Amino acid sequence: LLKKVYREEFNPEIAREIVETFVTAKPVQMQPSSLYLKAAFEIAIRFHQKAYDSLYLALAVAEDCVLVTDDRRLVKALQGTVMESYIVHLDNVCL
């Protein structure tokens, strides 16, 4: 979201509204990455992804939710795989 603001693709006010909507709809909960390291490592190896991205994917799988990202490369890399249902590009999210 910040990248879109920095690239002037989103007005900062729109970005604030998105954050407010997200926080109101689903409170953010911090999770220790150590809980997901093994799964993230397996995801990184199997799908040739960065450990950082794989941690978020492992969390999405564990929590049975969807990772919303602005990383088109990551979304494209996971199309047609079992991970496809756990990731969506920010442009495809209706707010």
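This write-up is about the structure you can find in this document. Fair warning: this is a prediction, and the values are worked out from it, not measured in the lab.

**So, the overall build of the protein chain**
Broken down by element type, the protein chain carries 5 helices and 2 strands. When the helices and strands of the protein chain are placed in sequence order, the string is α-α-α-α-β-α-β. Evaluated residue by residue, the protein chain yields a buried proportion of 27% over its 95 residues. The long-range fraction of contacts in the protein chain, counting pairs at least 24 apart against all pairs at least 6 apart in sequence, stands at 29%. Counting only carbon and sulfur atoms, one obtains 59% of the accessible surface of the protein chain, whose full area is about 7200 Å². Side chains of the protein chain give 11 positive and 13 negative charges; the mean places of these two sets differ by 6 Å.

**Examining the packing of aromatic side chains**
Tallied over the entire structure, the rule returns 1 aromatic pair. Over the face of the ring belonging to Phe 10 we find Lys 4, whose NZ or CZ atom lies 5.7 Å from the ring centre.

**A look at the pattern of salt bridges**
In total, this model carries 9 salt bridges according to the counting rule given. Here Glu 13 makes a salt bridge to Arg 16, at a shortest N to O gap of 2.7 Å. Of the two residues, Glu 13 and Arg 16 are both situated in helix 2 (residues 12-25); the distance of 3 residues between them amounts to about one turn of the helix. In this structure Arg 16 comes out as exposed when scored by relative accessible area, which is 51%. If you follow the salt bridges from partner to partner, you end up with Lys 4, Arg 7, Glu 9, Asp 70, Arg 72 and Asp 91 in one network.

**Concerning helix 4 (residues 51-63)**
Here helix 4 is 13 residues long and its end C-alpha atoms lie 18 Å apart, about the 18 Å a rise of 1.5 Å per residue gives. Residues of helix 4 that are buried: Asp 53, Ser 54, Leu 57, Ala 58 and Ala 60. Summarising the axial view, the buried residues of helix 4 lie within an arc of 160°, below the 170-degree limit, and thus occupy one face. Every exposed residue of helix 4 that faces more than 90 degrees away from the buried side is listed here: Ala 51 and Tyr 52. Positioned one or two residues after helix 4, Asp 64 has a phi angle of 50°, which is positive.

**Brief notes about the packing of helix 3 (residues 37-47) against helix 4**
Following both chains from N to C, one finds helix 3 and helix 4 inclined at 115°, their axes separated by 8 Å at the closest point. Of the two elements, helix 3 crosses helix 4, and the hand of that crossing is right-handed. Between helix 3, through Leu 37, Ala 39, Ala 40, Ile 43 and Ala 44, and helix 4, the contact on the second element is made entirely by Ser 54, Leu 55, Leu 57 and Ala 58. Residues belonging to the contact of helix 3 with helix 4 are distributed by class as follows: 8 nonpolar, 1 polar and no charged.

Reading the values: the criteria
- Here the residue numbering is sequential within each chain, running from 1 through the sequence in written order.
- Per-residue local features are limited, in this predicted model, to residues with pLDDT of at least 70; the limit for side-chain atom pairs, both in listing and counting, is 80 or more; totals at the level of whole chains, interfaces and linings are taken over all residues.
- Excluded from the side-chain calculation are hydrogens and water; included are all heavy atoms of the structure.
- Helix numbering and strand numbering both begin at the N terminus, where a helix is a DSSP run of H or I of at least 4 residues and a strand a DSSP run of E of at least 2.
- Buried residues are those whose accessible area, probed at 1.4 Å on protein chains only, stays under 20% of the maximum for their type, while exposed residues exceed 50% and partly exposed ones sit between those limits.
- Any two residues whose heavy atoms approach within 4.5 Å are treated as being in contact.
- Using a 1.4 Å probe, the Shrake-Rupley method yields the accessible areas, and only the shown protein chains count as cover for residues.
- For the charge count, each Lys or Arg is scored as positive and each Asp or Glu as negative, with His and the chain ends excluded.
- Here the site of a charge means atom NZ of a Lys, CZ of an Arg, CG of an Asp or CD of a Glu.
- In this scheme Phe, Tyr and Trp rings, the latter by its six-membered ring, pair at centre separations within 6.5 Å, and the angle between planes marks the pair as stacked below 30 degrees, edge-to-face above 60, and tilted otherwise.
- The criterion is that NZ of a Lys, or CZ of an Arg, lies within 6 Å of the ring centre and within 35 degrees of the ring normal, and then a charge sits over that ring.
- Counted as salt bridges are all cases of a side-chain nitrogen of Lys or Arg within 4 Å of a carboxyl oxygen of Asp or Glu.
- Helix span is expected to be 1.5 Å times the residue number reduced by one.
- By arc we mean the arc of the directions from the helix axis to the C-beta atoms, nothing more.
- Note on geometry: axes are lines fitted to C-alpha atoms, helical ones only across the stretch in contact, with angles between N-to-C directions running from 0 to 180 degrees.
- Crossings are sorted by hand: turned counterclockwise from the far helix by less than a right angle, the near helix makes the crossing left-handed, and turned clockwise it makes it right-handed.
- Under the grouping applied here, Gly and all other residues not named as nonpolar or charged are polar, the nonpolar ones being Ala, Val, Leu, Ile, Met, Phe, Trp, Tyr, Cys and Pro and the charged ones Asp, Glu, Lys and Arg.

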